[in-house]
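Listed below, chain by chain, are the residues.
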Amino acid sequence: MKHDYSYRERQQELDSGRQFRLGDGKISGYCSVALGTLSLLAVLAYLYPAYLTTIELRQAYDAAFLQQFLKYGMYFSLFFGILSFVLNGYKRLGAAGIVLTLIAFALGGYSIPVGPVEPRRLSLGVDWLILAFMGSSAIFMTLEKLFPKYRNQVVLRPEWGLDLLYFCFNHLAISAILIYGNYHASHFDWALSETVQEAIRSVPLLLQVMVIILCADFVLYWEHRLYHEVQLLWPIHAVHHSIEHLDWLAGSRGHFIQVFSERAMVMVPLYLLGADQAALDIYVAFAALQAILIHCNLGISFGPLKYILVTPQFHHWHHSSEKPAIDTNYSAHTVLFDRLFGSYHMPVKHWPAEYGTTVRLPRSYIGQLFYPLSKHLKKK
Ligand SMILES: [Zn+2]
Ligand SMILES: [Zn+2]
């Protein structure tokens, strides 16, 4: 019986070896490498924009203006690199950051002329990767530092590198995902209705956003539930559930089949509703931020909002390997469909003690990539 379950506190020991401490050069070393890598990637994107930037995203930013940020990024990478030498710690990381930045300077640095870009549909979203990494790490790492659920969980927690790899893949593949999503949605032309679209566009913007959220949530709920309850699909989605430490980066972990199918499915209601572009833009921003937020190591209670929207606590329960939480909390945006279809699990006073899958998955990218296949073959 569910109500007989005795909840436990999660034991999160402080891993002082992985901890960032002021003054030992570790923060400087990592900052230098991160900024050096991002700078080099940005310079390459300025050199080959047709291949390394995203057509949809280019319209939303001013490439010449962003070169100012690149300039600061490059100088800060050098500064942090030198600082790691001054502090006499993590000098290899500092040196790597300096070398990456010097290569970025040699290739043209922050003064590569910005001109018109030859439009190509398929490209690598290097621009999306850089902007998303800078934005998400700044916003969500700050929130996690200010309001952590597990104060002892460090930034460089186990498997952060693996999740960073997933983060890179998901962002680089953005144009392929969009092309596939649009292609998939176009199969639903038969369901297009001028009357529905006109009705949607005739209501105020905020209401349009709410309709989009509910329709998208309905599709995402059932897609997610099928991934859990259809035996053939579970090994694909199990990759996302293999995370054992949740934070802003953890939500990136997902098999590419799931990443592509999820975006393709959610594109269908967006396409059929035909809402105003502004409403779509608000929805996309809301969905992207919420998807990161709900995986964060955040102890904020969200007050009455937690009974309406999917919050970190609600989605953390989805990631729990404890019995009463298994196959619950499928919703992505609001808790409505879990309430309606009987899969709601939210003991508000408790958080999970255990995260992950009951059967442990391979711990490498390649291992997880082939996990659904190997699982399928083993069954035969
Ligand atoms: Zn799931
Ligand atoms: Zn998740």
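Everything quoted here is computed from the prediction, not taken from an experiment.

## Describing the overall build of the chain
Then step 1. Helices and strands together make up the secondary structure of the chain, namely 16 helices and zero strands.
Then step 2. For a compact globule of 380 residues, the expected C-alpha radius of gyration is about 21 Å, and the chain comes in at 22 Å, within 12% of that figure.
Then step 3. If one aligns the C-alpha atoms of the chain with their principal axes, the spans along those axes are about 60 × 55 × 50 Å.
Then step 4. Among the 380 residues that make up the chain, the fraction classed as buried is 46%.
Then step 5. For the chain, the share of sequence-separated contacts (at least 6 apart) that also reach a separation of at least 24 residues comes to 80%.
Then step 6. As displayed, the chain has an accessible area near 19,500 Å², and 68% of this comes from carbon and sulfur atoms.
Then step 7. On the chain, the mean spot of the 30 positive side-chain charges and the mean spot of the 27 negative ones are 8 Å from each other.

## Description of the coordination of the zinc ion (ligand 2)
Then step 1. Ligation of the zinc ion (ligand 2) by protein atoms is provided by His 240 (NE2), His 295 (NE2), His 315 (NE2) and His 319 (NE2), these donors lying 2.1 Å from the ion.
Then step 2. Ordering the donors of the zinc ion (ligand 2) by residue number gives the pattern H-x54-H-x19-H-x3-H. You can see His 240 sitting in helix α11 (residues 234–241) and its partner His 319 sitting in the loop between α14 (312–318) and α15 (336–340), a full 79 residues away along the chain.
Then step 3. By relative accessible area, which is 7% here, His 240 ends up buried.
Then step 4. Using a relative accessible area of 0% as the deciding quantity, one classes His 319 as buried.

## A short note on the coordination of the zinc ion (ligand 1)
Then step 1. Protein ligation of the zinc ion (ligand 1) involves His 224 (NE2), His 228 (NE2), His 237 (NE2), His 241 (NE2) and His 318 (NE2), the donor distances falling in the range 2.0 to 2.1 Å.
Then step 2. Mapped onto the sequence, the residues coordinating the zinc ion (ligand 1) show the spacing H-x3-H-x8-H-x3-H-x76-H. Separated by 13 residues along the polypeptide, His 228 in helix α10 (residues 205–229) and His 241 in helix α11 bring together distant segments of the chain. This pair shows no difference in class: His 228 is buried, exactly as His 241 is.

## Quick word on the packing of α10 against α11
Then step 1. At their nearest, the axes of α10 and α11 sit 7 Å apart, and the two run at 105 degrees to each other. On the basis of their axis angle, the class for α10 and α11 is roughly perpendicular. For the pair α10 and α11, the contacting residues are His 224, Tyr 227 and His 228 in the first and Trp 234, Ile 236, His 237 and His 241 in the second.
Then step 2. Residues belonging to the contact of α10 with α11 are distributed by class as follows: three nonpolar, four polar and no charged.

## Let's talk about the environment of Pro 49
Then step 1. Structurally, Pro 49 can be placed in helix α2 (residues 49–52).
Then step 2. C-alpha of Pro 49 to C-alpha of Ser 123: the two residues are 74 residues apart in sequence and 8.9 Å apart in space.
Then step 3. Apart from the residues within four sequence positions on either side, Pro 49 is in contact with Arg 58 and Val 117.

## A closer look at unusual backbone geometry
Then step 1. At Tyr 90, a residue that is not glycine, the phi angle is positive and equals roughly 55 degrees.
Then step 2. Looking at the secondary structure, you find Tyr 90 in the loop between α4 (63–86) and α5 (91–106).
Then step 3. Tyr 90 gets classed as partly exposed once you look at its relative accessible area, which sits at 38%.
Then step 4. Its identity as a non-glycine residue notwithstanding, Phe 302 has a phi of 65 degrees, on the positive side.
Then step 5. With respect to the secondary-structure elements, Phe 302 resides in the loop between α13 (277–293) and α14.
Then step 6. Given the relative accessible area of 25%, Phe 302 is considered partly exposed.

## Considering helix α12 (residues 256–273)
Then step 1. With 18 residues, α12 extends 27 Å from end C-alpha to end C-alpha; this agrees with the ideal 26 Å at 1.5 Å per step.
Then step 2. For α12, the complete set of buried residues consists of Gln 258, Val 259, Phe 260, Ser 261, Ala 264, Val 266, Met 267, Val 268, Pro 269, Leu 270, Leu 272 and Leu 273.
Then step 3. Where α12 is buried, its residues contact α7 (160–172), α8 (174–185), α9 (194–201), α10, α11 and α13.
Then step 4. Note on α12: the residue one or two positions beyond its end, Gly 274, has a positive phi of about 60 degrees.

## Quick look at the nonpolar core
Then step 1. Core analysis: the largest hydrophobic core is formed by 25 residues, its most contacted members being Leu 70, Phe 140, Phe 167, Trp 248 and Cys 296.
Then step 2. Of all the secondary-structure elements, those providing two or more residues to this core are α1 (26–47), α4, α6 (126–146) and α13.
Then step 3. Formed by 14 residues, the second largest nonpolar core is a distinct cluster that contains Leu 220, Ala 275, Ala 279 and Tyr 283.

## Some points on the environment of Val 310
Then step 1. Its place among the elements puts Val 310 in the loop between α13 and α14.
Then step 2. Using a relative accessible area of 3% as the deciding quantity, one classes Val 310 as buried.
Then step 3. When the C-alpha positions of Val 310 and Tyr 30 are compared, they lie 33 Å apart, and in sequence the two are 280 residues distant.
Then step 4. Residues within four places of Val 310 in sequence aside, it is in contact with Gln 290, Ile 294, His 315, Ser 331, Ala 332, His 333, Thr 334 and Val 335.

Cut-offs and rules
Residues numbered from 1 in each chain as written. Chains lettered and ligands numbered in written order. Predicted model: local features only at pLDDT ≥ 70, side-chain atom pairs only at ≥ 80, totals over all residues. Heavy atoms only, no water. Helix = DSSP H or I, 4+ residues; strand = E, 2+ residues; numbered from the N terminus. Rg over C-alpha atoms; globule rule 2.2 N^0.38 Å. Buried < 20%, exposed > 50% of the residue type's maximum accessible area, 1.4 Å probe, protein only. Contact = heavy atoms within 4.5 Å. Areas by Shrake-Rupley, 256 points an atom, 1.4 Å probe, with all protein chains shown as cover. Lys, Arg positive; Asp, Glu negative; His and termini not counted. Charge placed at Lys NZ, Arg CZ, Asp CG, Glu CD. Donors = N, O, S within 2.8 Å, 3.2 Å for Na, K, Ca; no water. Axes fitted to C-alpha atoms, helices over the stretch in contact; angles between N-to-C directions. Parallel < 35°, antiparallel > 145°, perpendicular 65-115°, else oblique. Nonpolar A, V, L, I, M, F, W, Y, C, P; charged D, E, K, R; others polar. Expected span 1.5 Å × (residues − 1). Core = buried A, V, L, I, M, F, W, Y, C linked by side-chain atoms within 4.5 Å.

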